[in-house]
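Tertiary structure, described
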Amino acid sequence: MEDGDRQFPVAEHATSPPSEKRTLDPSESVTGVGIVFGILGAVVGLVATLFVADASGVAEWVACCIVGAFAGGSAGVVIGGMIGAIFGVFRGVTVPTTRNLRR
């Protein structure tokens, strides 16, 4: 008997119906939008520091740019997390509650 007609397990993505709408996990939206806004905020903070800082030496410029990038990045992460949470609430899924049923 040959092994040519072996059956392989069906892939998980092949069993889901094609009309199923993709849901968005709220934690994914908070993390994703927070990272994107954090990077943009760091760039904006760095550029703003270059225009505003009054440094006389190279070490002072580097220190000011690092502080500006951290400040802009943290502000971007906070704002991006808030916007991601709003996306997650409007387009996301709700977590089912668990009930403690005693038998």
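Once a new chain begins, its residue numbering starts again from 1 and follows that chain's sequence as written. The predicted nature of this model means local features are confined to residues of pLDDT at least 70 and side-chain atom pairs, given and counted, to a pLDDT of 80 or more, with totals for whole chains, interfaces and linings taken over all residues. The side-chain numbers reported here are obtained from all heavy atoms of the structure, hydrogens and water having been left aside.

Turning to the overall build of the chain, a few remarks are in order. Put simply, DSSP H or I for four residues or longer makes a helix, DSSP E for two residues or longer makes a strand, and each gets a number counted from the N terminus. A count of helical and extended segments in the chain gives three helices and zero strands. Going from the N terminus to the C terminus, the chain shows its helices and strands as α-α-α. With 103 residues in all, the chain has 17% of them scored as buried. Accessible area is worked out with a 1.4 Å probe on protein chains only. A residue is then buried under 20% of its type maximum, exposed over 50%, and partly exposed in between.

Moving on, we come to the environment of Ile-79. Tracing the chain through its elements places Ile-79 in helix α3 (residues 58-91). Sequence separation between Ile-79 and Gly-38 is 41 residues, and the spatial gap between their C-alpha atoms is 8.4 Å.

Bringing the packing of helix α2 (residues 26-52) against α3 into the picture now. A fitted line through C-alpha atoms represents every axis, and for helices the fit uses only the stretch in contact; the resulting angles, taken between N-to-C directions, go from 0 to 180 degrees. Relative orientation of the contacting elements α2 and α3 amounts to 150°, with a least axis distance of 5 Å. It follows from the interaxial angle that α2 and α3 lie roughly antiparallel. When the axes of α2 and α3 are compared, the crossing they make is right-handed. Each residue receives one of three labels: charged for Asp, Glu, Lys and Arg, nonpolar for Ala, Val, Leu, Ile, Met, Phe, Trp, Tyr, Cys and Pro, and polar for the others, Gly being one of them. Looking at side-chain class alone, the contact of α2 with α3 contains 16 nonpolar, 14 polar and no charged residues. Note on terminology: angles under 35 degrees are roughly parallel, angles over 145 are roughly antiparallel, angles of 65 to 115 are roughly perpendicular, and the others are oblique. We call a crossing left-handed when the near helix sits turned anticlockwise from the far one by less than a right angle, and right-handed when that turn is clockwise.

This part covers the side chain of Thr-49. Looking at the element boundaries, Thr-49 is found in helix α2. Within the structure, the side chain of Thr-49 is placed 2.6 Å from the backbone oxygen of Gly-45, a separation counted as a polar contact. Excluding its chain neighbours within four sequence positions, the residues that come into contact with Thr-49 are Trp-61, Cys-64, Cys-65 and Gly-68. Under this definition, polar contacts are N or O atom pairs within 3.5 Å; protein pairs additionally need one hydrogen-donor-capable and one acceptor-capable atom, and for neighbouring residues in sequence, both atoms have to be side-chain atoms. In what follows, residue pairs with any heavy atoms lying within 4.5 Å of each other are defined as contacts.

Before going further, it helps to examine the state of the cysteines. Pairs of cysteine sulfur atoms within 2.5 Å are what we label disulfides. Using the criterion set out here, one finds zero disulfides in the structure. Cys-64 forms no disulfide, and the closest cysteine sulfur to it belongs to Cys-65, at a distance of 7.0 Å. Its relative accessible area of 31% is what places Cys-64 among the partly exposed residues. Given a relative accessible area of 14%, Cys-65 falls into the buried group.

Here we come to the environment of Ser-27. Tracing the sequence through the fold places Ser-27 in helix α2. Classification of Ser-27 as partly exposed rests on a relative accessible area of 43%. It is 7.7 Å that separates the C-alpha atoms of Ser-27 and Ala-85, two residues lying 58 residues apart in sequence.

Attention shifts here to α2. Across its 27 residues, α2 extends 37 Å between first and last C-alpha, which sits within 8% of the 39 Å expected from 1.5 Å per residue. Three or more residues of α2 are buried, namely Ser-29, Val-33, Gly-34, Gly-38, Gly-41, Gly-45 and Thr-49. Residues of α2 that are buried in the fold lie against α3. Working rule for helices: expected span equals 1.5 Å times residues minus one.

Before going further, it helps to examine α3. In an α-helix, one full turn covers 3.6 residues, which means residues spaced three or four apart are oriented alike. The end-to-end C-alpha distance of α3 is 47 Å, a good match for the 50 Å that 34 residues give at a rise of 1.5 Å each. When α3 is considered as a whole, its buried residues turn out to be Cys-65, Gly-68, Gly-72, Gly-73, Gly-76, Gly-80, Gly-81, Gly-84 and Gly-88. Of the surrounding secondary structure, the elements contacted by the buried residues of α3 are α2.

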